[in-house]
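Fold and geometry: a report
The chain contents come next:
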Amino acid sequence: MTVRRKWAVIPGLFALGAVAVLLSAYQGATSRPDTIITEKGSWGYSAASSPQGRSPEQPIHFPHPTHVQTLGMNCLYCHYAANKSTDPGLPAVSTCMGCHLVIGPKRPAMNGRPAFESAEITKLQKYWNEKKPIPWVRIHHVPDYVNFPHMTHVNAGVTCQTCHGQVQKMTQVYQYASLNMGWCINCHVGNVNPAWKARYDCSVCHY
Amino acid sequence: MATVVSPSREASPNIPSANIQLPAIQSYTQVNDDIIGTLRPTGKWFAALGFAILCMLIGATAWTWQIYMGLGVAGYTPPVMWGVYIVTFVFWVGIGHAGTLISAILYLFRAGFRTTIYRCAEAMTVFAVMTAGLFPILHLGRPWKFFYLIPYPNWRLIWPQFKSPLVWDVFAILTYLTVSATFLYIGLVPDLAAMRDRETHPVRKRLYSVLSLGWRNSDREWRHFARAYLFLAAFSTPLVLSVHSVVSFDFAMSLVPGWHATLFAPYFVAGAIFSGIGMVFTIIIPIRRWFNLKRYVTINHLDAAAKLCLFTSLVVGTAYLMEFFIGWYSGSEIEQSYWWNRVYGQWWWAAWIMLLCNCVLPLTLFSQKLRRNTTWLFILSMFINLGMWFERFVIFEPSLAHEFEPWQWTAYAPTYIDWAILLGSFGWFSMWFLLFIKNLPVIAIAEVKEIVPPPLSTPQPVEGIDVSGMHLEFEPETPGERD
Amino acid sequence: MTENSAPSGVGRREFLKILGAGSAATAAIGCSSDRVERLIPYLTQPDETVPGVSNYYASTCRECSVGCGVLLETRDGRTFKLEGNPDHPLNRGALCARGQASVQGLYNPDRYRGPMIRKNGKLTPATWTEALQLMGQKLGEAQSSGGAGNAVFINKHESGSFPAFLDRWLADFGMPAHLSYDALADHAVIAANRQSYGVAWPSLSFSAAKLIVSIGADFLETWGASVPQQLDFADARAKLEDAPRFVYIGPRRSLTGCNADQWVACKPGSELAIARALAGGSVQSAADASGVPAATLEALQRELGATKPSLVLAGSSGAGSMELALAVNELNKQLGNVGTTVLTDQPITSLEGIATDADINAAVEKMRAGQVPFLMVRGVNPAFTMPRAAKVADALAKVPFKVSFSSYPDETSELCDLVLPDHHPIESWGDAQPMNDVISLQQPGMDPVYDTRQTADVLIDLAKGNQRTAARYTAQNYMRWLIDNFPGGTTAFTAGLQKGIGSGSIARPAARPASTGAPQAPAIEGTNGDFYLVVYPSPTLGDGSGANKPWLQELPDPVTKICWQTWIEINQQTARKLGIDSGDVLQIKTEQGELKAPAYVYMGIQENTVAVAFGQGHSAYGRYAMGVGLNPGDVLPVGFDAASGSFAWTATKVQLTKVNEFTPLVTTEGSARQHGRGIARSVPVEELPHLEMEQEEHDMPGKPDQSYLPGLRSRMAADAMGEIGDSPSRVQKGMYDPEHWSQMAKRRWAMTIDLARCTGCSACVTACYAENNLPTVGAPYQMVHTAFLHGVPGGNILKGREMNWIRLERYWEGGEDGGEFEPRFVPMLCQHCGNAPCEPVCPVYATYHSPDGLNVQVYNRCVGTRYCSNNCPYKVRYFNWFGYGEPARPQYAWPERMSWQLNPDVTVRGKGVMEKCTFCVQRIREAEHRAKAEGREVRPNEFTTSCAQACPSRAIIFGDAADEEWSVARMAQDRRAYHVFHEQLNTYPAVVYLQKVTHPAPKAAAGA
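Residues numbered from 1 in each chain as written. Chains lettered and ligands numbered in written order. Predicted model: local features only at pLDDT ≥ 70, side-chain atom pairs only at ≥ 80, totals over all residues. Heavy atoms only, no water.

1. Here's the deal with the overall build of chain B
Each helix and strand in chain B was counted, giving 15 helices and zero strands. Taken over 483 residues, chain B has a buried fraction of 59%. Once local pairs closer than 6 in sequence are excluded, the contacts in chain B between residues at least 24 apart make up 82%. Accessible surface for chain B amounts to roughly 19700 Å². Of this, 71% is attributable to carbon and sulfur atoms. (Helix = DSSP H or I, 4+ residues; strand = E, 2+ residues; numbered from the N terminus. Buried < 20%, exposed > 50% of the residue type's maximum accessible area, 1.4 Å probe, protein only. Contact = heavy atoms within 4.5 Å. Areas by Shrake-Rupley, 256 points an atom, 1.4 Å probe, with all protein chains shown as cover.)

Right, dumping it as structure tokens:
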């Protein structure tokens, strides 16, 4: 008897495994990051996309909220190529200095906030004086065999937040989307917004 | 008192091979002693096992190197994109078939001569399929991505291409492996029980008792066992046909000249059974000699098996001729030029090896003398193995090397990597088989007991048994055997 | 640019990853980019370069002397592709294979990283300060010692301002004018043209002619301005009925000869007699001299007399070649061709002012005599291009101080004491004058890859450093100098840069008196030996300068289809007699030396002649050139056609012996016969009018006017959009339903290839290598860990593993018995079948049919079962047998800096995946994205594939067959159109071939 029960367990295990696979399979397409992994250094490139929820420390602690929410700057001001190239483009240091020549590290008291000395702006000016580019750490990485044309998406009315999350609220930017293929397809078939329905055969992105 | 029939010993005795009795077997205990007695490991056995493992390691090393460097280290010469690996894959799958045929189909047909050889054949099936299963992965450009072929829900949201025969290959091989392994195991249960009861070593005893699923030899268990066995036999019978048909679709479904033929499914199945029986001879003849099992695997059994071999050989031969006929009959210049190239082109010798080994030499089995000559059977079986490997070679390589586009006609020569991996596959197969013959009974104890008459109520002297009791007088050798 | 290109560039594409030290490299680019920005781009917004968007800088190709216009496609500070400049009058957007490969010279892994100084017998790296200081000091010595007067400067021939500038500089240092060397130039013809027409090279109008007779003039290869000549020749052939008949007379049927309708085999050295006969001289004597049947010559003579206008060309290189050229010029005058087909009023001026071989030889002799104290060499390699018998190395050894401005460690620069590596043309400023009143401007596409300097700038610096000359060199650098001396000044210059073309003319250096007393080569008949030896420059490697570019090494010779090797061509019948088979090693022997190479049995060569291509057999010049093939120069005597001073390549007979060895030919050819399978079809011109277009041939899937054919109705195409079954028409037409929301109804990418135009030059093949990151697999270092083939050049190709997505198949028709034979060229690439056999067999959907009619290969999905290739009847799928893209692997195809050339839009394929022609899907997507961004449809003929763009015959046309606006849709309806294997296999290919049209000899002649 005991023997028979022992053997009866095995198919049960198989069934459980199958169910687990089924459940895990689609979570990538829809899930939102639950944990924010803060790690130092840059993402070691591999064939896979960068992991969701990743939030590496940047050489300069650039506060998106201050620039976007408080000052109301447009994303395209710095990421100037996002609407005309596959590459979004990162701001040149000169772009930063355009303002920060005037806005120095010494920040006066402003609506309630006491005056303070900004270490970040100091760093920025240091880079500028040394004529060095800022070695930003890459956050969003898709494999090399994926072609993601930013301009096509931006011009189609897909907001930056759709894929990058509420960056304007992120004091330290993290990877909002999973960037796996199911996630892309999910939007291309029109599940996110029927108006954004687009071709989703392989050769649209893979060539 | 009835007369004692004793077989005549003329030059060519006319002994009906239908007689598959085991005259030399006295009692059930003798069966247990003889068969379980073979399980004691010997030095020779360890040597053989060591050699097999060495060969396997050579193959494994070659494969590692191939994965590291890329498939280019093998002899592929585009457009010959499938080489020795696919040839060997089909070869091993084919080997497997005889096992299932003997153990399942012949069981349903109540062909008695299977009794003593089916266990070996079945084990051979399982190990052959295990070997064959490696090759499709081996020949992938990116073996680490082989799971793309398995349909499972994934977050890429894509599935395999179910139109492709290769996907069905995966299913076919896995099914075949599962079913034949189960079949082998179920058949083993009573024997395992017998071994458990005789075993003294505690660990092994425990192991056998777990494996024998607490078999207690009750009538109820026997009834269930018989049903289960019959059911599995019926279940695996279609597999004999389906598996190799699916494998043949890999080729028949493509438009390559020489592949694109409706004949392929039956042709492959026949070839598979033929090659399988060849391999059975290769395996069973040494075993019955070394393990001194001649009294069980009698010459009559081999004789009957040889007839089956002859028959399948004729089927295969017909298929060959048919291929050439269709090649001519199609009227397509491209087909015809291919068939011409097959026999007179760069690989003419391979084609002729195939015809000689698979069609000509087996004809000798028309002679009873040779059918009953184990030495010849063994030699012939070697030729059959060779011939069947070359059959696949001849089907695949010349076709790919001589396709539609003349500009891309080419030659193909395997490299030492191909050969090393081929050797490795034999090592891998032999390793499992050697482990099998020293750990599990090579002859189905229970079934042998079925054809040995039950112990008589009163003890009798050996000689002068009633003929109706089907007991011939004791002879160490079965009559009519020459070797 | 640094700031924005670097991080977004890194990792976005494989190519930067391969680059390895990403940060360092991108930093290097960073510095470059601001300079790049200051250039005035050709297409996109001038003030700013956008990351990920290419800029095109108009420049000039410097691979040969002609100077075609090119566009340097540059992105993120890197030039990665050369394309023909459509606005350039000379090449009108076309570019030959050698031009395409120039970018591999730029990133060549064996380039000098910086200046080199010979220290105790070895060239050792040095800084520019050291090098210039040494150079200045030596110059000073030369001036003070008065040796300057005997100094020699040998420069690669180029037209434009530099020669004049150089001569002026030399004069300022008291040195004689430089020698402008071009080993490929046909000096005999140039001299004759000067004498007859007063110009070096009149442009030739093939399209105006009705009959073309070429006596050994390979105008599609290295004879004159090949690209413009090919463009015009193809246009002429495309006139079908009115196309000129083309007769080629010569000992060897070259690529040009293979495009002829009739080939007349003559003995080398007998061309003059034939020319005389054609001009009305004695046919019989010509027949005796040349071994050509008198009847043939008479027929030709008659035909030539009857057909007007005609065009007769000559190009032999042996004793008396100038005489021949003169005779032919006379013949042209006599036939009234001058002005109609020989346009002396619009000459190719870039061939003016070339120093003859005799001049170079004279200079070498001076060196040997020890009269030359100071030698400067730039861009040429006399130690290789001159025959070994000239003993250039010994002569150079007699020169106390030798300076090389070469960028590569070639045979000559390895002998020099100081190397001041020059910029690659893609990195330098300059100009050329290919035609009168046309200035072709040359501008850098990017910053220097290595620590090199443009020679002109070096010269200026040296002059500034020298107190005597400093005053006269005020220009900040050569670019400023150019602008200052540019006709029209800065404004004209900047305007010109937009299109790369300026107008006006540039001061040419004073013509130098041709040197005299060059050793006259004996008549070839006189020399002893049993076979004539014909040495011809390789169409792919030129004078050997292409040998260090793997693309050109891997590009099979258009005629023999052999690469990475040197072979000896021998006549089929002769070979049969001598029991020689292709691959048997032959030995040819002269007094000068011997040469052992495998035989190539060829129908297109005269019975008593053997031919060897020149260009291989380097003893230096980098990993791709060294130890590959042999140099026929080793067996040639030093002899010249004294009249013109041109070196006699065809100068001697040889002893031919069969060595008992076998060397397999590294060829891409399987069977050279079609076996009646109708792959390359041709139709005689007289049958052309009756040619019926078979409707079934024209079923181009996706055309709106026809019911949708299997490939496009295939569920797979619909599957791709998951659109199956929500409406009947959707089910019927899949993606091609006009109501389909994705608006793909119109799209059916297709291609037509006009075999009447195709000359088999193979420029498309190299263009594909350049565009699609195809790895070259034949380099000796790539053949390792492989039994029997270790280190064999082209070993992988012996195994049939070349990766040419588009290949040129060359089939022979007839001639098995030594009679007339017809060569046919057919470019074979993925046919993008509407009903593709490869698609249903892939177990993982790695290949499928895209809605716009592409047969797509998805690299990252491919597991490498290779079933698709088995099932492809055209055999156009290629497999990555090794990790060609992995720097750690010995087969790595893009060593150090070569990877900078990779196209960022195309994935570099990994080990173990299948790849094939994509119809340049990256260009399709780019165009679609551009159109979308501008809110419009893709315009007809807005873009094309790389092969079509490069084709100097304009034979390939790509576009949307479903849209009548695209020219491909019209071409597909041509009466000559056919599909390959369509009848047998029902594949519905998207590639439509147009039959070649042959022009047999007129009946009268044929009867003779």
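Don't stop here, the text continues.
2. Re the overall build of chain C
Looking only at helices and strands, one finds 34 helices and 39 strands in chain C. A buried classification covers 69% of the 1008 residues belonging to chain C. Expressed as a percentage of contacts within chain C between residues at least 6 apart in sequence, the contacts between residues at least 24 apart total 72%. Within the structure as shown, chain C displays about 29900 Å² of accessible surface, and the carbon and sulfur contribution to it stands at 53%.

3. Thoughts on the pairing of strand 23 (residues 594–602) of chain C
Residue and element names in this part refer to chain C. Pairing geometry for strand 21 (residues 568–571) and strand 23, over four bridges, is parallel. Considered in strand 23, the bridge of I570 is made with V601. Two strands pair when backbone bridges link them, and strand 22 (residues 584–589) and strand 23 are joined in this way by five bridges, in the antiparallel orientation. The partner of K589 across the bridge, within strand 23, is E594. Hairpin remark: strand 22 followed by strand 23, antiparallel, with four residues in the connecting loop. (Pairing = 2+ DSSP bridges.)

4. Section: a nonpolar patch on the surface
All names here are of chain B. On the surface, M322, F325, I326, W328 and Y329 cluster together to form a nonpolar patch covering roughly 560 Å² of accessible area. Along the chain, the position of Y329 falls in helix 9 (residues 299–329). For Y329, a relative accessible area of 59% corresponds to the exposed category. (Patch = residues over 30% accessible without salt bridge, like charges linked within 9 Å, V, L, I, M, F, W, Y side chains within 5 Å. Salt bridge = Lys/Arg side-chain N within 4 Å of Asp/Glu carboxyl O.)

5. Focus on the environment of Y867 of chain C
Checked against the element boundaries, Y867 of chain C lands in helix 29 (residues 867–871). Considered as a pair, Y867 of chain C and C838 of chain C are 29 residues apart in the sequence and their alpha carbons are 7.5 Å apart. Setting aside residues no more than four positions away along its own chain, Y867 of chain C makes contact with W82, P165, L166, F249, D250, F251, M253 and S254 of chain B together with V841 of chain C.

6. Overview of the nonpolar core
In terms of nonpolar packing, the biggest core is built from 323 residues, with F433 of chain B together with F919 and Y993 of chain C touching the most fellow members. For this core, the element with the highest residue contribution is helix 3 (residues 84–108) of chain B, accounting for 17 residues. Residue contacts for Y993 of chain C: discarding those within four places in its chain leaves I753, L755, V826, P827, M828, L829, Q831, R976, A977, Y978 and V980 of chain C. Counting residues in hydrophobic clusters, the runner-up holds 45 residues, among them A131, F153, W429 and I460 of chain C. (Core = buried A, V, L, I, M, F, W, Y, C linked by side-chain atoms within 4.5 Å.)

7. Description of helix 19 (residues 478–485) of chain C
All names here are of chain C. Of all the positions in helix 19, only Y478, W481, L482 and I483 are classed as buried. Contact partners of the buried residues in helix 19: helix 7 (161–172), strand 17 (430–435), helix 18 (455–465) and helix 20 (489–499). Two to three positions downstream of the cap, the backbone nitrogen of M479 sits 3.1 Å from a side-chain oxygen, assigning the N-cap of helix 19 to N477. (Polar contact = N/O pair within 3.5 Å; in protein donor to acceptor, adjacent residues only side chain to side chain.)

8. With respect to the confidence of the model for chain C
All names here are of chain C. Averaged over every residue, the pLDDT of chain C is 86; residues scoring 70 or more account for 89%. When the criterion is pLDDT under 50, residues 1–46 qualifies, and its contacts beyond four places in sequence or with other chains add up to 106 contacts. Note on residues 701–723: pLDDT is under 50 here. Beyond four places in sequence and across chains, it has 74 contacts. For this predicted complex, the interface score ipTM comes out at 0.87, while the overall pTM is 0.88. (pLDDT = per-residue confidence, 0-100.)

9. Brief notes about the sheet that holds strand 29 (residues 749–754) of chain C
Residues and elements named next belong to chain C. Pairing is mixed across the open sheet formed by four strands, whose spatial order is 36-29-38-37. Each edge of the sheet is formed by a strand with only one pairing partner; in this case those strands are strand 36 (956–960) and strand 37 (977–978). The pairing of strand 29 with strand 38 (residues 991–994) spans four bridges and is classified as parallel. Bridge pairing links M751 to V991 in strand 38.

10. A short note on the sheet that holds strand 9 (residues 211–215) of chain C
Residues and elements named next belong to chain C. Ordered by their spatial adjacency, four strands build an open sheet running 11-10-9-12, and the pairing between neighbours is parallel. If you trace the sheet from one side to the other, it starts and ends with strand 11 (262–265) and strand 12 (310–314), each paired once. Mean inter-strand twist for the sheet, computed between neighbouring axes without regard to direction, equals 15 degrees. Here strand 9 runs beside strand 12; their pairing, made up of five bridges, is parallel. Within strand 12, the position partnered with I212 by the bridge is L311. (Axes fitted to C-alpha atoms, helices over the stretch in contact; angles between N-to-C directions.)

11. A closer look at the side chain of T574 of chain C
All names here are of chain C. By the secondary structure assignment, T574 is in helix 22 (residues 572–578). On the basis of relative accessibility, which here comes to 8%, the residue T574 falls in the buried class. When neighbours within four sequence positions are excluded, T574 is seen to be in contact with F531 and E607.

12. A look at unusual backbone geometry
Of the consecutive residues P78 of chain B and P79 of chain B, the connecting peptide bond is found in the cis state with omega at 5 degrees. The residue after K308 of chain C, namely P309 of chain C, is reached through a cis peptide bond having omega -10 degrees. When you line up the elements, P309 of chain C lands in the loop between helix 13 (294–306) and strand 12. Unlike most non-glycine residues, N773 of chain C shows phi in positive territory, near 55 degrees. Of note, N773 of chain C is situated in the loop between helix 26 (763–772) and helix 27 (795–798). A positive phi is found at F919 of chain C, a non-glycine position, where the angle reads about 55 degrees. Among the structural elements, F919 of chain C can be located in the loop between strand 35 (914–916) and helix 30 (921–933).

13. Some thoughts on the interface of chain B and chain C
Tallying the contact residues gives 55 residues for chain B and 62 residues for chain C. Across the interface of chain B and chain C, roughly 4900 Å² is buried in total on both sides, 57% from carbon and sulfur atoms. Area buried by chain B at its contact with chain C is led by M81, E405 and W407 of chain B, which between them contribute 18% of it. Taken together, the links from chain B to chain C amount to three salt bridges. (Buried area = accessible area lost by both parts, 1.4 Å probe.)

14. A closer look at the pairing of strand 18 (residues 438–442) of chain C
Residue and element names in this part refer to chain C. Among the five residues in strand 18, five count as buried, and that is most of the element. Of the two faces of strand 18, the one holding V438, S440 and Q442 and the one holding I439 and L441 are both buried throughout. Bridge analysis of strand 17 against strand 18 gives four bridges, and the strand direction is antiparallel. Across the sheet, the residue bridging to G430 is Q442, located in strand 18. Hairpin connection between strand 17 and strand 18: a loop of two residues separates the two successive antiparallel strands, and D437 in this loop has a positive phi of roughly 65 degrees. Taken together, the three bridges between strand 18 and strand 19 (residues 501–503) define a ladder with antiparallel strand orientation. Of the residues in strand 19, the one forming a bridge with S440 is I501.

15. Digging into helix 13 (residues 374–401) of chain B
All names here are of chain B. Spanning 28 residues, helix 13 covers 40 Å between terminal C-alpha atoms, matching the ideal 40 Å at 1.5 Å per step. Counting buried positions along helix 13 yields 22 of 28 residues, so the element is predominantly enclosed. You can read the cap of helix 13 off the contacts: a side-chain oxygen lies 3.0 Å from the backbone nitrogen of T375, and it is on N373. (Expected span 1.5 Å × (residues − 1).)

16. Some points on the pattern of salt bridges
Residue and element names in this part refer to chain C. Evaluation of the coordinates by the stated rule reveals 64 salt bridges over all chains. The shortest N-O distance in the salt bridge between R368 and E365 comes to 2.8 Å. Here R368 and its partner E365 are both found in helix 15 (residues 357–368), three residues apart, which amounts to about one turn of the helix. We classify R368 as partly exposed; its relative accessible area is 23%.

17. A few points about the environment of Y185 of chain B
Residues and elements named next belong to chain B. Mapping Y185 onto the fold places it in helix 5 (residues 165–198). Note on Y185: relative accessible area 28%, which makes it partly exposed. Between the C-alpha atom of Y185 and that of S275, which follows or precedes it by 90 residues, the distance is 24 Å. A distance of 2.4 Å separates the side chain of Y185 from the backbone oxygen of L211, its partner in a polar contact.

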